Every structure is written in structure tokens, then in C-alpha cells.
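Listed below, chain by chain, are the residues.
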Amino acid sequence: MKDFMGKSDKSIYVTQPFLPPLDEFQEYLKQIWDSKWLTNNGKFHQELEKAICKYLGVKYISLFANGTLALIVALKGLHITGEVITTPYSFVATTHALWWNGIKPVFVDIEPNTFNLDPDKIEVAITPRTTAILPVHVYGNPCDVDRIQKIADSYGLKVIYDACHTFGVTMKGIPILNYGDLSVLSFHATKVYTTFEGGAIVSHDEATKKRIDNLKNFGFVDETTVVTAGINAKMNEFQAALGLLQLKYIDKNIKKRRIIAEVYREKLKRIEGLTYLEDMPAVRYCYSYFPLLIDKEKFGKSRDEVYEELKKYNIYGRRYFYPLISQFPTYRGLPSASPENLPVAEKLSAEVLCIPIYPDLSLAMVEFICRIISNRYGKSID
Ligand SMILES: *Cc1c(COP(=O)(O)O)cnc(C)c1O
């Protein structure tokens, strides 16, 4: 531990992208240079759609330039209008996708033990203008998909999952992406599986996939026919090439993340005032984040104090998700954005700190981070 007793000389961020060996990527680059086919449903794009469907266990996938465009197109593809029920506890793009479609977000509170949309609170928020529910599997932790579907069915609502944290997650062997009408993925640099930037929509029938594919390519169905006012949201060949390579390493990387999560849990488990998510039974996780909840009263220090303390050692956690989306100027005037409507989300948002987790993070560093969090306050982890 000697090297780690002082300030670490390299900054440690909440995440760091995994990149495959450069020479492996260069082989793909050579092919792109030879073919001069850079985008527009190229060879690697087609290969990646097939390979990702197989890996994830889903039927249809449409690749996108990024997750936000995929969210915007997903809503458009299902003709969602009016009001949509969603969570304030997410990355801001979830709600922005509604705004870009002229849809009014209706915020509903989350569950304290899962960080996900609380099914008990959905029904009272439904109005005659509600057309869909947009939940998020926060930190890759599955929503209560059965109850959400039941509510959606009884009110005739669509369900679109923001599954941007949820690469390869299964429940009782079933891919979580197969629930709801559509699921949206992000392959941004900070995500478990990355294509530099990138995203995807998982759909369950061919007609829907076709409609989505048209929408992401200006509405073109053939050389001269434009059937809808589509957008340009296509994934290019460089992204797709990296995606193909990443699939070779993804299982190993998720395993490394799991081991890190296990060390954090082991080292931090007996410290009063600290809690974290436990794995639910029968769920295979991707360990995209390690959220730590810091109860100021019991722990003796606030979340922000711990966040600042880590920074002194060049360790940069992130307060995901603080502020809540409902607190940003665009949304805070909405009646559903009031803190009284969202007490659980407000509380968790004030207590949460995501601490570093990524495949190349050494276990020595993980232990060091635990030591800073605990020892500094006279609460030894040993
Ligand atoms: C990353 C993320 C997005 C946006 O994806 P981009 O690929 O960065 O556009 C949307 N929702 C959630 C929950 C995310 O974490």
C-alpha cells in the first residue's frame, strides 16, 4: 500500500473507458480505408447489429450515433405525445428526449431500495393526456418490469425503458431489454460497453425496427422515397468497428467490475451510515456504477464532505444523480417537479456518491479509496 499512502499521481475518475489493443482496431481501420465506406449501414454496422442481438439475446436492434438521439427517435417512433410519466433520478437526457418531442414530463418519485420509478406512485400521476411511461433501470438495477407493464396495460400506455446503464443485464435468464415496447441503450465513453459515442434501440418486431431505421436516416426508404421527417442519427463505421471489438472483451470486463463491487461491499459493509445496492437474486448485473449512500447523521460526514475528501487524493467520484432532473431550470416550474412530490429522490440525491468502478481500476486502489472514506473518520475498515 506504500505507493498509495499519499496523493495518487494519476487522477482516478468515476470511470475510465476500456479500449482494446490498438493493433486490433487498426485492422478494422485498414478495411475502412480500403473500402472508403464510412457510414450509411456499412459492413461493420450490419455485422454489429447481428452480433449485438446475439450477445444481448434480443430480436431487433437499431444502432445510433448516441443514446440521446436513440431516446428521441424511440419516442417519435411510437408516436408518443401529450404527457409521459418518468423519473427525476436519471441523467438529464432522459427528460430532454421528452422535451425535444414536445412532450410534457410528469415526474414520479422513486423507490428507496432500488432508485427506480416507484410503481405505487405511477397511477395517481396518470391523466387523460398520458400516453407512455419512460422509466430508467438506474445503475443497471432492473425496474419492477411486471408491475409497470400491468399498469401500462390497464391504461393503454406504451413503455419505453431508458436502459442506458443496462448492458447485458438479465433477470431469471431473461434479458431486461426484452421488457416494455422499446429499450434504449447508450454506448457513450463512460458506459460499460462503448463505441466512443453510440446508442441503440431494441425493438420486438420487424415493422417497428424498420420504422426506427427510417427515422434515423432522414426518413429514406429507398433512393428517392422519403416517408417521414426523419433525422440523421446513424452510427458510423468507426463506431461499429470498435463495437465489434468490444464484444470480445465485454464478459471479462463485466467480471472485473463485479470483483471491484465485491471488494467495495466487503470493505464498507460494517461502517455505520454507509449503504449500497445489493444484488437482487436471479439478476445478472453489469456493475455500471457503484453508488454509495452516505447518511450524514449516522456517518458523521456529509456526502459532499466525502466527495471533497476524495478529491484531495485526486480521486473524483460523481454525485449521480445530483441535482435531480426536476431541479434544472427547464423543468423545475412543473407541478410534478416540486420537492414535496419527490421526497425519496430528493433524499437519495443528497446522499449519493458514485465511487470509481472500471475494469482497469486496481484492487489496491479500491482498498485505498475505502480507506480514505473510512479511516479519515476514525472508522477503520480493517
Ligand atoms: C448516458 C445516458 C444517456 C445518454 O446517452 P448518450 O449516449 O450520452 O447520448 C441517457 N440516459 C441515461 C440514463 C444515461 O446514463
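Below or above, wherever it landed, is the structure these notes cover. (Residues numbered from 1 in each chain as written. Predicted model: local features only at pLDDT ≥ 70, side-chain atom pairs only at ≥ 80, totals over all residues. Heavy atoms only, no water.)

Overview of the packing of helix 1 (residues 22-35) against helix 7 (residues 237-268)
And then number 1: The N-to-C vectors of helix 1 and helix 7 enclose an angle of 150 degrees; their axes lie 10 Å apart at closest approach. With respect to their mutual orientation, helix 1 and helix 7 come out roughly antiparallel. Crossing hand, helix 1 versus helix 7: right-handed. Here Glu-24, Phe-25, Tyr-28, Leu-29, Ile-32 and Trp-33 of helix 1 come into contact with helix 7, specifically with Glu-237, Phe-238, Ala-241, Leu-242, Leu-244, Leu-245, Lys-248 and Tyr-249.
And then number 2: Tallied by class, the residues present in the contact of helix 1 with helix 7 amount to 11 nonpolar, no polar and three charged. (Axes fitted to C-alpha atoms, helices over the stretch in contact; angles between N-to-C directions. Helix = DSSP H or I, 4+ residues; strand = E, 2+ residues; numbered from the N terminus. Parallel < 35°, antiparallel > 145°, perpendicular 65-115°, else oblique. Left-handed = near helix turned anticlockwise from the far one by under 90°. Contact = heavy atoms within 4.5 Å. Nonpolar A, V, L, I, M, F, W, Y, C, P; charged D, E, K, R; others polar.)

Section: the sheet that holds strand 13 (residues 290-294)
And then number 1: Across the sheet, three strands lie side by side as 11-13-15; this open sheet has antiparallel pairing. Looking at the sheet topology across the chains shown, the edges are occupied by strand 11 (274-276) and strand 15 (352-355). Each neighbouring strand pair of the sheet contributes to a mean axis angle of 35 degrees, computed without reference to strand direction.
And then number 2: Where helix 7 meets the sheet, it contacts strand 11, strand 13 and strand 15, and its direction lies at approximately 20 degrees from that of strand 13.
And then number 3: Across the sheet, helix 10 (residues 343-351) is in contact with strand 13 and strand 15; its angle to strand 15 comes to roughly 50 degrees. (Pairing = 2+ DSSP bridges.)

Topic: the packing of aromatic side chains
And then number 1: On inspection of all chains with the given rule, the structure shows 24 aromatic pairs.
And then number 2: Aromatic side chains Tyr-89 and Phe-115 sit 5.5 Å apart centroid to centroid with 40 degrees between the ring planes, which places their arrangement in the tilted category. Highlighted residues: Tyr-89 in the loop between strand 3 (83-86) and helix 4 (93-100) and Phe-115 in the loop between strand 4 (104-107) and strand 5 (130-134), separated in sequence by 26 residues.
And then number 3: Among the residues examined, Tyr-89 registers a relative accessible area of 0% and is labelled buried.
And then number 4: A relative accessible area of 3% means that Phe-115 is categorised as buried.
And then number 5: Members of the aromatic cluster, connected to one another through ring pairs, are Tyr-89, Phe-115, Tyr-139, Tyr-289, Tyr-320 and Phe-321.
And then number 6: One Lys or Arg, Lys-191, reaches over the ring of Phe-91 and ends 6.0 Å from the middle of that ring.
And then number 7: When the ring centre of Tyr-307 is taken as reference, the NZ or CZ atom of Arg-319 above it lies at 3.9 Å. (Phe/Tyr/Trp six-rings, centres within 6.5 Å; stacked < 30°, edge-to-face > 60°. Buried < 20%, exposed > 50% of the residue type's maximum accessible area, 1.4 Å probe, protein only. Lys NZ or Arg CZ within 6 Å of the ring centre and 35° of its normal.)

In short, the description is geometric, and any link to function would need to be established separately.
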